[in-house]
Amino acid sequence: MNREALFCDGSSYYVRPAEPEAGDRITLRFRTAKDDVNEVKLITKDMACKMIKRSSTEFFDYYEIEWVLSEKPFYYHFEIHSKDEVCYYNRVGAVSDHQPYYTFMIQPGFSTPQWAKGAVMYQIFVDRFNNGNPTNDVETGEYYYIGAPATKVENWDEFPENMDIQRFYGGDLQGVWDKLDYLQDLGVEVIYFNPLFVSPSNHKYDIQDYDYIDPHYGKIVKDGGEILEDGDMDNSRATKYQIRTGAKENLEASNEFFAQLVEEMHRRNMKVILDGVFNHCGSFNKWMDKERLYEGQEDYEKGAYVDAYSPYHSFFRFFEDRDELWPYNYRYDGWWGHDTLPKLNYEDSSMLEDYIMAIGRKWVSPPYNVDGWRLDVAADLGYTNEYNHMFWKRFRQEVKKANPNAIIIAEHYGEPRDWLQGDEWDTVMNYDAFMEPLTWFLTGMEKHSDERRIDLWGNADNFVNSMSHFMSSMLTPSLMVAMNELSNHDHSRFLTRTNHIAGRVAQLGSKAAEEGINYAVMREAVVVQMTWIGAPTIYYGDEVGVCGFTDPDNRRTYPWGNENKELLEFHKDIIRIHKESDALKYGSLKMLCWENNVLAYARFTNKEQIVVVLNNSKEVKKVTIPVWLAGAGQEGHMRRVLHSYEESYTLEKDEYLVENGEIVMNIGRHSAVIMKSRSH
């Protein structure tokens with residue numbers, strides 16, 4: 001039996017319809033080598049059903065069976081007979097003994113937004129992207145936070161400091177609006193914003209007010225008050241900050257401006273994803289008010305820190321909850337013990353749960369109409385997994401009812417399977433099935449640059465096995481919209497990982513992040529990012545060569561006027577290739593061959609075949625690629641559409657000879673090739 005020829009996945013060519021409803025009659029398809037097997041059976045939990053050979057091509061036979069779905073998840077795999085040989089086929093391919101963990105599954109009624117499948121996303125950490133409106137900049141001394149006064153950084157090109165949380169470069173939403181032409185020219189289809197809501201930090205994961213966009217990012221139409229004097233740490237006297245972030249005129253103007261920005265982005269056919277930080281809030285939050293910012297403002301109720309009878313008391317867990325400990329009871333639970341990040345206490349407050357559900361609905365509804373949520377540390381939301389699953393089931397229902405086309409993407413480390421059963425999250429930020437295996441393979445570095453592993457550098461078996469295992473944790477609709485990043489605000493910049501220096505900025509200094517970097521390896525990574533299943537997501541500045549160790553060094557400013565122009569053009573070209581190809585956005589994936597430092601894989605539909613080859617070694621490699629496994633033909637040619645090599649890259653066309661279903665090619669050191677069937 002030719003096991004390599006066996007193939008099936010959850011794409012629309014092998015499951016029709018690909019995202020069925022309960023009660024639908026579906027057609028399942030399975031591929032074998034032509035005239036190679038005696039029988040193919042569909043194996044479910046309860047029965048084995050013989051499949052019928054419905055069609056054939058030059059290389060393959062296609063077996064089909066129809067099935068009517070119930071409301072329950074449908075689990076299945078395949079059993080293939082050829083003479084005296086029997087094997088099974090599941091999510092990881094052909095196996096001698098079926099493993100239930102890897103069984104195929106269809107969840108009736110589960111679908112992910114079509115616009116997000118294979119969409120090119122772009123992550124913006126707003127303070128560091130572009131300053132479009134200097135009048136809303138945080139002023140030095142405007143308030144005090146975590147051991148230091150807020151600071152306005154005057155030099156846009158200055159590196160972040162090791163303690164950077166209170167330092168602001170002035171990036172804002174007007175700055176994003178001013179660069180929409182740039183983003184459109186780059187080819188961006190979706191913008192994912194790090195948090196935008198009122199917050200005292202530059203990262204804004206310590207939210208002060210979920211109802212409003214921070215006026216420092218939006219509009220300050222009412223100003224005044226005083227900044228703090230040198231040495232003053234009492235924010236109850238930070239009246240300028242209180243006016244800027246508490247005056248309804250500023251908050252409403254900022255929300256209105258954001259709605260206008262989203263409308264303009266939609267006009268340009270761009271989608272918008274917001275960051276939802278619902279595990280914890282910040283100590284500045286109006287519900288807690290530890291900094292006593294709202295205590296004297298008439299428009300606000302008393303916070304739980306200020307008053308034992310605050311309407312928000314139940315939103316938090318106080319370790320000591322006696323009336324005499326108020327006002328100013330600091331004995332509350334903080335996330336990981338941080339009193340600046342009060343843990344939200346959902347299990348004891350239905351009012352809090354309802355409030356956050358209303359926030360979830362609000363921003364995906366008119367007049368804001370955002371297109372989805374990215375959920376921060378989503379699995380840590382409450383105190384128990386049981387509650388968390390219940391919460392996210394309700395959150396999905398509420399958000400999808402308000403905006404059926406909205407996407408829900410969770411930040412999650414580790415096994416996501418339990419959360420991706422079709423009734424909670426749509427998908428995840430794809431660490432396990434993208435960022436980590438690819439980083440280990442191409443650089444031998446851990447994603448924070450904290451560790452170097454020579455045994456994983458160039459280890460193709462580890463790459464293939466890791467990808468295969470973790471991709472099997474996601475249903476196909478989740479896999480096709482997974483956020484595939486090389487870098488983000490929590491990890492080192494991928495370009496810095498190419499220098500193999502382990503450590504952080506506090507020990508090594510900022511300049512070390514730029515030493516010995518390898519643009520050829522960076523281009524290899526982008527080739528995989530733009531040709532793998534999922535939504536390729538660029539962290540702002542990666543496309544122009546921004547470096548940086550892990551947080552906070554990864555949050556450097558976008559270098560307007562000092563971009564790496566060649567890397568930028570490379571991104572534009574490969575994004576265009578990605579967007580023009582149905583195979584790259586929606587097609588099947590199959591590994592064709594791999595060895596130390598070498599990968600070859602295909603993305604294909606029944607009409608288009610694309611083959612990608614990488615050589616991550618320091619030597620020229622001779623590679624024999626069985627392109628027939630992608631349906632690319634027995635004899636003929638495949639056309640090269642992009643070649644990245646050690647010094648640069650080219651779009652110059654070339655052709656590769658296909659003989660006996662294979663291409664034999666010499667590929668240079670640190671190179672990548674994308675080729676496609678000549679008829680396309």
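Refer to the preceding data block for the structure.
Residues numbered from 1 in each chain as written. Predicted model: local features only at pLDDT ≥ 70, side-chain atom pairs only at ≥ 80, totals over all residues. Heavy atoms only, no water.

Trainee: Please clarify how the pairing of strand β18 (residues 209-213) should be interpreted in this entry.
Mentor: Here is the key point about a regular strand: its side chains alternate between the two faces of the sheet. Counting buried residues along β18, five of its five residues qualify, which places the element largely inside the surrounding structure. Looking at chain direction, strand β17 (residues 197-198) and β18 are connected through two bridges and run antiparallel. For Phe197, the partnering residue across the bridge sits in β18 and is Ile213. (Buried < 20%, exposed > 50% of the residue type's maximum accessible area, 1.4 Å probe, protein only. Helix = DSSP H or I, 4+ residues; strand = E, 2+ residues; numbered from the N terminus. Pairing = 2+ DSSP bridges.)

Trainee: Explanation requested: empty space enclosed by the protein in the structure shown.
Mentor: Left-over empty space is what a probe sized like a water molecule reveals as it rolls over the atoms. For the coordinates displayed, the defined rule picks out three cavities of 30 Å³ or more. A volume near 160 Å³ is recorded for the largest cavity. Lining the largest cavity are 16 residues, with Ala18, Met105, Ile106, Thr476 and Pro477 sitting closest to its centre. Secondary structure elements with two or more residues in the lining of the largest cavity: β10 (104-106) and α9 (476-479). The element contributing the most residues to the lining of the largest cavity is β10, with three residues. Of the residues assigned to the lining of the largest cavity, the class counts are ten nonpolar, three polar and three charged. If you add up the space inside the second largest cavity, you get close to 60 Å³. In terms of lining residues, the second largest cavity is bounded by His412, Gly414, Pro416, Val428, Met429, Asn430, Tyr431, Asp432, Ala433, Phe470 and Met474. Broken down by element, the lining of the second largest cavity gets its largest block of residues, three residues, from helix α7 (residues 431-443). (1 Å grid on protein atoms, 1.4 Å probe; cavity = no way out; pocket = protein on both sides within 12 Å on 5 of 7 lines; lining within 4 Å. Points joined across faces, edges and corners; volume = space filled by probe spheres on them. Nonpolar A, V, L, I, M, F, W, Y, C, P; charged D, E, K, R; others polar.)

Trainee: How should I be thinking about the sheet that holds strand β6 (residues 60-68) in this particular structure?
Mentor: Strands pair in a sheet through their backbones, by hydrogen bonds, and they do so in one of two ways: parallel or antiparallel. One open sheet holds the four strands; their spatial order is β1-β2-β6-β5, and the pairing between them is antiparallel. A single partner strand is all that each edge strand has here, and the edge strands are β1 (15-16) and β5 (52-56). One ladder, built from four bridges, connects β5 with β6; its direction is antiparallel. Looking at the pairing, Lys53 lines up with Tyr63 of β6.

Trainee: For this particular structure, what's the right way to read unusual backbone geometry?
Mentor: With glycine set apart, most residues show a phi of negative sign, and most peptide bonds adopt trans. Put simply, Trp326 and Pro327 share a cis peptide bond, and its omega is 0°. Secondary-structure assignment places Pro327 in the loop between β19 (271-276) and α5 (350-364). Residue Pro552 follows Asp551 across a cis peptide bond; omega there is 10°. Tracing the backbone through its elements, the reader meets Pro552 in the loop between β24 (535-539) and α13 (565-579). You will see that Asn660, though not glycine, has its phi angle at about 55°, which is positive.

Trainee: Would you mind showing me how to read the side chain of Asn255 here?
Mentor: You can see Asn255 is positioned in helix α4 (residues 248-267). If we ignore the near neighbours within four places in the chain, the residues touching Asn255 are Asp211, Tyr212, Ile213, Lys362, Trp363 and Tyr368. (Contact = heavy atoms within 4.5 Å.)

Trainee: Got a minute to help me understand α4 in this structure?
Mentor: For an α-helix the count is 3.6 residues per turn, leaving residues at separations of three or four pointing the same way. For α4, spanning 20 residues, the distance from its first C-alpha to its last is 28 Å, which sits close to the expected 28 Å at 1.5 Å a residue. Within α4, the full set of buried residues consists of Asn250, Leu251, Ala253, Ser254, Asn255, Phe257, Phe258, Ala259, Leu261, Val262, Glu264 and Met265. Phi turns positive, to about 65°, at Asn269, one or two residues after α4. (Expected span 1.5 Å × (residues − 1).)

Trainee: Help me understand the nonpolar core in this model?
Mentor: Proteins that are soluble and globular tend to have nonpolar side chains buried together. Counting 146 residues, the largest nonpolar core has Tyr122, Phe193, Phe258, Phe278, Trp373 and Trp425 as its most contacted members. Apart from the residues within four sequence positions on either side, Phe258 is in contact with Leu173, Leu196, Ile213, Val272, Leu274, Trp363, Tyr368 and Val370. Core analysis: the second largest hydrophobic core is formed by 53 residues, Ile26, Ala33, Cys49 and Val613 among them. (Core = buried A, V, L, I, M, F, W, Y, C linked by side-chain atoms within 4.5 Å.)

Trainee: Just checking my understanding: could you explain helix α8 (residues 460-471) for this structure?
Mentor: For α8, spanning twelve residues, the distance from its first C-alpha to its last is 16 Å, which sits close to the expected 16 Å at 1.5 Å a residue. Its side-chain oxygen placed 3.3 Å from the backbone nitrogen of Asp461, Asn459 serves as the N-cap of α8. (Polar contact = N/O pair within 3.5 Å; in protein donor to acceptor, adjacent residues only side chain to side chain.)

Trainee: Help me understand the packing of helix α3 (residues 239-246) against α4, please; the structure alone is not making it clear to me.
Mentor: Describing two packed helices takes the angle between their axes plus the distance from one axis to the other. Between α3 and α4, the shortest axis-to-axis distance is 5 Å and the interhelical angle comes to 45°. Regarding the angle of α3 to α4, the classification is oblique. Taking contact as the criterion, the partners of Ile243, Arg244, Thr245 and Gly246 in α3 are, on α4, Lys248, Asn250 and Leu251. Partitioning the contact of α3 with α4 into residue classes produces two nonpolar, three polar and two charged. (Axes fitted to C-alpha atoms, helices over the stretch in contact; angles between N-to-C directions. Parallel < 35°, antiparallel > 145°, perpendicular 65-115°, else oblique.)

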